[in-house]
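If you want the building blocks of each chain, they are given just below.
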Amino acid sequence: MNGQWEVPDELQQLWQRSNAPDKEENLDTTVEQVLEQDRKYQVSARRNDLASAAMMLVCFPVVLWAATYGKWPLVRAGYGLAAAGLGASAVALWLYQRLNRQTPRRDLTARDHLVQSVELLDRRATFLRTSTLWCGLPMFLGVLLFGLGIWIQGGKLAGALFMGGSLILLVSSWHMKSGCKMREIARRKNQAEELLRRLG
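Counting starts from 1 at the beginning of each chain's written sequence and moves along it residue by residue. Two thresholds apply to this predicted model, a pLDDT of at least 70 for residue-level local features and 80 or more for giving and counting side-chain atom pairs, whereas whole-chain, interface and lining totals are computed over all residues. Each side-chain value is worked out from all heavy atoms of the structure, with water and hydrogens disregarded.

Caption draft 1: Fine view of the overall build of the protein chain. Note on conventions: DSSP H or I runs of at least 4 residues are helices, E runs of at least 2 residues are strands, and numbering of each starts at the N terminus. Secondary structure summary: the protein chain contains 4 helices and 0 strands in total. Starting at the N terminus and ending at the C terminus, the protein chain contains elements arranged as α-α-α-α. In this scheme, a residue with accessible area under 20% of its type's maximum is buried, one over 50% is exposed, and one in between is partly exposed, where area comes from a 1.4 Å probe on protein chains only. In the protein chain, which comprises 200 residues, the share counted as buried stands at 30%. For accessible areas, the Shrake-Rupley method is used with a probe of radius 1.4 Å. Any residue's cover is judged against the shown protein chains and nothing else. Accessible area of the protein chain: about 13,500 Å², with a carbon and sulfur share of 62%.

Given below as structure tokens:
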């Protein structure tokens, strides 16, 4: 005994059973809160994607016109690559939202909803990672060609300044925007996976 009062195993098991409903209720509440936050996040992400696609479609004819009537061949080629990147991005965003749109179902359990949430977050993370190829790369090459045209036709200093400034701005803004989105996705995914582990 060592001078200490020990709780009998039967009482300890009874106490654990009496507190189990409270723990389950708290877990259910947490799951519902996470799922509600996830639904709001998906709606917000969908609206942002559609707004981005609309902005790209507005800019596309302007950039395409510049690619057709630009002053120098390399500048026209740069605008052409930028137009290709904008067009590909708008189509990819539209297809992504169309393919990943989920119809609400009432027959799914909380666990099923969490699994579905993790799958959607994985798809969005993959979509963001691959967007560097079909959107970022054409824009990057377009800026290079545009700056090279200015370098040859307008002067080396002007071309170097344009290429350096544009590339720094493009890469830094792309990295910051993509990094923030990826961190948010990772946080939400870890939260959902932790709840799945607790649900068993």
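Caption draft 2: Broad picture of helix H3 (residues 110–154). Helix span, expected: 1.5 Å multiplied by one less than the number of residues in the helix. Helix length check: H3, at 45 residues, gives a terminal C-alpha distance of 63 Å against a target of 66 Å (1.5 Å per residue), a fit within 8%. What we call the bend at a residue is the angle made by axes fitted to the seven residues finishing there and the seven residues starting there. Of all the bends in H3, the greatest reaches close to 40° and is centred on glycine 136; the proline proline 138 follows between one and four positions later. Taken from the residues just after H3, glycine 155 is the one with a positive phi, measuring 130°.

Caption draft 3: Quick look at the nonpolar core. Counting 16 residues, the largest nonpolar core has Met56, Val63, Leu93, Phe127 and Ile185 as the members making the most contacts within it. Elements supplying a minimum of two residues to this core: helix H1 (9–69), helix H2 (73–99) and H3. At 7 residues, H2 tops the list of elements feeding residues into this core. We call two residues contacting when some pair of their heavy atoms lies within 4.5 Å. Not counting chain neighbours up to four residues away, the residues in contact with methionine 56 comprise Leu86, Ser89, Ala90 and Leu93. As used here, the term nonpolar core means buried Ala, Val, Leu, Ile, Met, Phe, Trp, Tyr and Cys residues forming a set that is joined through side-chain atoms within 4.5 Å.

Caption draft 4: Expanded view of a nonpolar patch on the surface. Together, Val91, Trp94, Leu95 and Leu99 make up a nonpolar patch on the protein surface, roughly 430 Å² of accessible area in all. Residue position: leucine 95 is located in helix H2. Classification of leucine 95 by relative accessible area gives partly exposed; the value is 38%. What makes a patch is a set of residues exposed beyond 30% relative accessible area and free of salt bridges, joined within 9 Å when like-charged and within 5 Å when nonpolar (Val, Leu, Ile, Met, Phe, Trp, Tyr). One speaks of a salt bridge when a side-chain nitrogen belonging to Lys or Arg is within 4 Å of a carboxyl oxygen belonging to Asp or Glu.

Caption draft 5: Examining the packing of aromatic side chains more closely. Only rings of Phe, Tyr and Trp enter the pairing, Trp through its six-membered ring, and a pair is recorded when the two centres are within 6.5 Å. The plane angle decides the type: under 30 degrees is stacked, over 60 is edge-to-face, the rest tilted. Under the counting rule described, the total for this entry stands at 3 aromatic pairs. Judged by centre distance (5.4 Å) and plane angle (40°), the rings of tryptophan 65 and tyrosine 69 are tilted. On the criterion of helical spacing, the pair formed by tryptophan 65 and tyrosine 69 is a turn pair, its members being 4 residues apart in helix H1. Side by side, tryptophan 65 and tyrosine 69 carry an identical accessibility label, which is exposed.

Caption draft 6: Highlighting the pattern of salt bridges. Taken as a whole, this structure holds 6 salt bridges when the rule is applied. The shortest N-O distance in the salt bridge between arginine 39 and glutamate 36 comes to 3.1 Å. Placement of both arginine 39 and glutamate 36 in helix H1 is noted, with a separation of 3 residues, approximately one turn of the helix. Take arginine 39: its relative accessible area is 41%, and that puts it in the partly exposed class.

Caption draft 7: Structural context of the environment of leucine 64. For leucine 64, the location among the structural elements is in helix H1. A sequence separation of 19 residues divides leucine 64 from alanine 83, and the C-alpha atoms of the two residues are 5.7 Å apart.

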